[in-house]
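Structural overview
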Amino acid sequence: MPVLDVFLYALITALATGLGALPFLFVREMPERLLGLGNAVAAGLMLAASFRLVTEGLTYNAPRLVIGVLIGLVLIVVAQRWLSSYEHLNVGQLEGAGALKALLIVGVMTIHSFAEGVGVGVSFGDSLNFGLFVTIAISVHNIPEGLAISLILIPQGVTVWRAAFWSVVSSLPQPLVAVPAFLFVATFEPFLPVGLGLAAGAMIWMATAELLPDALENAPKEQIATTLTVAVAFMVALQAWLR
């Protein structure tokens, strides 16, 4: 299969992430309670995505998966402490805690995209049909991930189009990594469970340490728990349907 085709298919998965921001074209302002529920939705989507990564990693190699989860935990904690040491952190129009959260969410989803890029490349190394299936599955799966990013960025003043842009940026590792993974399947495949675990560990930490505490500040805990559970159920159902 031509390498350019693998790159273009993987690029489609990255562009699909930007679609998650489009619902915000119809939502101008978000009250505090809806902001809290939005954080709960983002946390639920990230937790469900991490479940999928762990499940997929177990099919390859459980010890490497666990190592990856621990590496992801260490990396996100170190990154959070390093970034929070800057008292006047600025990212575009965002400052302070808002800028920190924006960097963390985009960073975590970017780490996640490396693992998915390897998955796309390895799947095309298996067969064209399997590669197309994985491409479609990841593309559909990436839309709610773009929504999770937008739920964090847009309420802090980021425009819809910028949120869509950063969502796509977070998924750009997919086409960049898919090509070498396709060309060197035997080399990349042993590292896939580590990458899946690393992304899962970072996402679990982000959901529980950043998103849920913020959600509980703006909405009742019963509503947060219900919203998070529904978001997890939706993502799990989507993943089951794609299989």
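In this report, we go over the structure that sits alongside the text.

1. Some thoughts on the pattern of salt bridges
- All told, the structure shown has 2 salt bridges when counted by the stated rule.
- In this structure, R52 and E56 form a salt bridge, with 3.2 Å as the shortest nitrogen-oxygen distance. Pair noted here: R52 and E56 are both in helix α2 (residues 32-58), with a separation of 4 residues, about one helical turn.
- Exposure remark for R52: the relative accessible area of 14% places this residue in the buried category.
- The partner of E116 in a salt bridge is R52, and the shortest N-O contact between them spans 2.8 Å.

2. Thoughts on the side chain of N39
- In this structure, N39 sits in helix α2.
- In contact with N39, other than residues within four places in its own chain, are K101, I152, L211, D214 and A215.

3. Some remarks on a nonpolar patch on the surface
- On the surface, L19, L22, I143 and W161 cluster together into a nonpolar patch covering about 380 Å² of accessible area.
- Secondary-structure assignment places L22 in the loop between α1 (3-17) and α2.
- With a relative accessible area of 31%, L22 lands in the partly exposed category.

Rules and cut-offs
Residues numbered from 1 in each chain as written. Predicted model: local features only at pLDDT ≥ 70, side-chain atom pairs only at ≥ 80, totals over all residues. Heavy atoms only, no water. Salt bridge = Lys/Arg side-chain N within 4 Å of Asp/Glu carboxyl O. Helix = DSSP H or I, 4+ residues; strand = E, 2+ residues; numbered from the N terminus. Buried < 20%, exposed > 50% of the residue type's maximum accessible area, 1.4 Å probe, protein only. Contact = heavy atoms within 4.5 Å. Patch = residues over 30% accessible without salt bridge, like charges linked within 9 Å, V, L, I, M, F, W, Y side chains within 5 Å. Areas by Shrake-Rupley, 256 points an atom, 1.4 Å probe, with all protein chains shown as cover.

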